[in-house]
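Structural overview
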Protein chains: 2
Amino acid sequence: MRLSKKTEYALKALIYAARHPEGTTFQIKELAERNGIPKKFLELILLELKNAGIVHSRRGVGGGYLLARRPEAVRSSEIIEAIEGPLAPARVPKARGTRGLGEEPSPAVSRLVRESSEAIGSVLDRWTLADLAREEQEAAERRQRNLMYFI
Amino acid sequence: MRLSKKTEYALKALIYAARHPEGTTFQIKELAERNGIPKKFLELILLELKNAGIVHSRRGVGGGYLLARRPEAVRSSEIIEAIEGPLAPARVPKARGTRGLGEEPSPAVSRLVRESSEAIGSVLDRWTLADLAREEQEAAERRQRNLMYFI
DNA sequence: ATAAACCCCATTGTATATGTAGGGATTGTG
DNA sequence: CACAATCCCTACATATACAATGGGGTTTAT
């Protein structure tokens, strides 16, 4: 299971969004700086998340982004599919070298891929953005507590 | 869940191997032709599978490859890891654009990736090469039965 | 000696991933 | 109305990984 940088940024951005006060907008600029994400790249990502109906945007002065739904209603599978496309590709890409020969997909391999995809899907369907934000929050608190020992 | 062409070829090759008479060698040439796999590419793949201890080889006239173990003892996770490397990478690759800034991995994202990897892992550990070969066999038989209606 | 087979490394072409650049459109505020 | 803040969009550039391909070298049965 490998996440592209782009998807990782998308997840970070949405976790940031979920921890932002509800109903208020946040700005690309600050989000990019605070999370070490290239600003222009992040613009692309938020645009895709907007087109996927996960965030809304407001333009102009005082504008920015906000979640389109409550974090409990955003499954992580949605986020990942918005960026990377469907988890289980309908059709495997064709090879180039051996056009038209015996390149039928193996039923056994297809089955294996299908079962794996379903396993990932069920994990990603179960984790909502609210869960991720809580996890992040708790990790931050643990770090905080550990620091206290050094004061 | 996306398999590289290389991994797909490896699985096909090993399914072929599992269906080959036990203890006898099979040759790259025929395997490549019958499965539409580029011969030279398949050489690399079988070499890697040999180094991973999944197949053995014999050189010279009458040589070839054979499974190093019985198909029941080869987990599909082994095969995939032999070709693609560890399922759960210890460390995510670094971004280029933002060296040294806030590029810490998010604990929440790490957790999500870990849980997904474990879910895939448990599926791939469960499926052995024997299962895959049987699945392939049964699919072939179904196809055969369907053809009979047209005679 | 010869041919059949595996062994090994270097190179190449293509696609995908990861950004960058430049400007356009919208909107609140003075 | 001017202006600045903000999102919106397209095109381009570069790096890396993927998918082979090429050219030989080594081992071994006959």
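Residues numbered from 1 in each chain as written. Chains lettered and ligands numbered in written order. Predicted model: local features only at pLDDT ≥ 70, side-chain atom pairs only at ≥ 80, totals over all residues. Heavy atoms only, no water.

1. A short note on helix α1 (residues 5–19) of chain B
Residue and element names in this part refer to chain B. Note the following rule: Counting from the N terminus, the helices are the DSSP runs of H or I reaching at least four residues and the strands are the DSSP runs of E reaching at least two. By this rule the span expected of a helix is its residue count minus one, scaled by 1.5 Å. When a residue's accessible area, from a 1.4 Å probe over protein chains only, is under 20% of the maximum for its type it is buried; when over 50% it is exposed; and in between it is partly exposed.
Taking 1.5 Å per residue, 15 residues should reach 21 Å; α1 reaches 21 Å between its end C-alpha atoms and fits that length. With 12 of its 15 residues buried, α1 lies for the most part within the structure. Residues T7, E8, Y9, A10, L11, K12, A13, L14, I15, Y16, A17 and A18 constitute the buried set of α1.

2. Quick word on the interface of chain A and chain B
For the record, the criterion: Contacts are residue-level and defined by heavy atoms, with any inter-residue pair within 4.5 Å sufficient. Summed over both partners, the accessible area lost on bringing two parts together, with a 1.4 Å probe, is the buried area. Counted as a polar contact is a pair of N or O atoms within 3.5 Å, where, for protein atoms, one must be capable of donating a hydrogen and the other of accepting one, and residues adjacent in sequence contribute only when both atoms are in side chains. Following the grouping adopted for this structure description, the nonpolar residues are Ala, Val, Leu, Ile, Met, Phe, Trp, Tyr, Cys and Pro, the charged ones are Asp, Glu, Lys and Arg, and the polar ones are all others, Gly among them.
Listed by partner, the interface residues are 44 residues for chain A and 43 residues for chain B. A combined buried area of about 3700 Å² lies between chain A and chain B, and 68% of that area is made up of carbon and sulfur atoms. Linking chain A to chain B there are 10 residue pairs in polar contact (both at pLDDT 80 or more). Elements supplying a minimum of two residues to the side of chain A that touches chain B: α1 (5–19), α4 (76–84), α5 (107–126) and α6 (129–148) of chain A. The element best represented in the side of chain A that touches chain B is α5 of chain A, accounting for 13 residues. Tallied by class, the residues present in the side of chain A that touches chain B amount to 25 nonpolar, 8 polar and 11 charged.

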